[in-house]
Amino acid sequence: MDYLSHNVSENLKRLRQSKGMSLDQVAEQTGVSKSMLAQIEKGTANPSLGVLGKITSGLRIEFQTLIEAPRVDFCLVKPEEMIPTKELEGQYKVFTCFPFEDSQSVEIYRIDVEPGGVYTSGSHGERTREYITVIDGTLTIECHDHSQKVEKSQVYKFETDQPHIYRNEGSGRASCMCFFLDYTNIR
């Protein structure tokens, strides 16, 4: 199941249940068959825009409400069980623990840099900041013509409106958790 189908599946089920409606009632109100609604909720159907339009109109909700990332009350992420988002063999691995889509302002990554490895990240735009906490080893962070060595258990923040580098000059793997904040709309 792709990302959007998953979102529609979860959101439709949550919305229907929060309104105390059965599938029969939603079918009657939207003009979408009960079997199609059941397939959408199970994630086995890929509804057309027309079907999604009928659902949003019948339930009197905005389209965005149906496709946005569903609310998650709790979630345990195990990077060792994840596929890296970015990887360069022998250099680094980047794992997206919580993507920007979850909150529209924060992303959380784990970055592993091998001994002698370098990970270069592009600019994230104006009014963006990273908070790094090193969980193993030592990393050198380079940004804005400034170089900062960050050791295990230390926390470092820096503006990420320019390209920046994570460098491991040690003899063992260095790992950090990276909290990326877009504060464009935060006052």
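Quick caveat, the model's predicted, so the values are computed rather than measured.

S.K.: Help me get a handle on the sheet that holds strand E1 (residues 86–88), residues and values and all.
M.R.: One open sheet accounts for 6 strands, arranged E1-E2-E3-E10-E5-E8; its pairing is antiparallel. Every other strand in the sheet has two partners, leaving E1 and strand E8 (155–159) as the edge strands with one partner each. Geometrically, the sheet is characterised by an average inter-axis angle of 20° between neighbouring strands, direction not taken into account. Two elements, strand E5 (residues 128–136) and E8, share 5 bridges in a ladder whose sense is antiparallel. Within the sheet, the bridge partner assigned to Ile132 lies in E8 and is Tyr156.

S.K.: Hey, could you go over the nonpolar core for me, with residue numbers and the actual values?
M.R.: With 19 residues, the main nonpolar core has Val8, Leu12, Leu37, Ile40, Ile55, Leu59 and Leu66 as its most contacted residues. Elements with a contribution of two residues or more to this core: helix H1 (3–18), helix H2 (23–30), helix H3 (34–42), helix H4 (49–59) and helix H5 (63–67). Of all the elements, H4 adds the most residues to this core, at 4 residues. Setting aside residues no more than four positions away along its own chain, Val8 makes contact with Ile40, Leu52, Leu66 and Ile67. In this structure, Ile141, Tyr156, Cys176 and Cys178 belong to the second largest nonpolar core, which totals 18 residues.

S.K.: Could you give me a rundown of the sheet that holds strand E9 (residues 164–167), with the residues and numbers involved?
M.R.: With antiparallel pairing, the 4 strands of this open sheet are ordered in space as E4-E9-E6-E7. The open sheet has two edge strands with one neighbour each: strand E4 (118–121) and strand E7 (146–151). If you compare each strand with its neighbour and ignore which way they point, the axes differ by 20° on average. Bridge analysis of strand E6 (residues 138–143) against E7 gives 6 bridges, and the strand direction is antiparallel. For Leu139, the partnering residue across the bridge sits in E7 and is Val150.

Cut-off values and rules
Once a new chain begins, its residue numbering starts again from 1 and follows that chain's sequence as written. Note on the predicted model: pLDDT of at least 70 is required for a residue's local features to be given, and 80 or more for side-chain atom pairs to be given and counted; whole-chain, interface and lining totals, by contrast, use all residues. Working from all heavy atoms in the structure, the side-chain values ignore hydrogens and water. Should DSSP find at least two bridges between two strands, the strands are regarded as paired. What counts as a helix is a DSSP run of H or I of at least four residues, what counts as a strand is a run of E of at least two, and both are numbered from the N terminus. An axis is simply a line fitted to the C-alpha atoms; with a helix, the fit covers only the stretch in contact. Between two such axes, the angle follows the N-to-C directions and lies from 0 to 180 degrees. Residues grouped as a nonpolar core are buried Ala, Val, Leu, Ile, Met, Phe, Trp, Tyr and Cys residues, joined through side-chain atoms within 4.5 Å. Relative accessibility decides the category of a residue: with a 1.4 Å probe and only protein chains considered, values under 20% of the type maximum give buried, values over 50% give exposed, and everything between is partly exposed. Contact between two residues is taken to exist if any of their heavy atoms lie within 4.5 Å; hydrogens are not considered.

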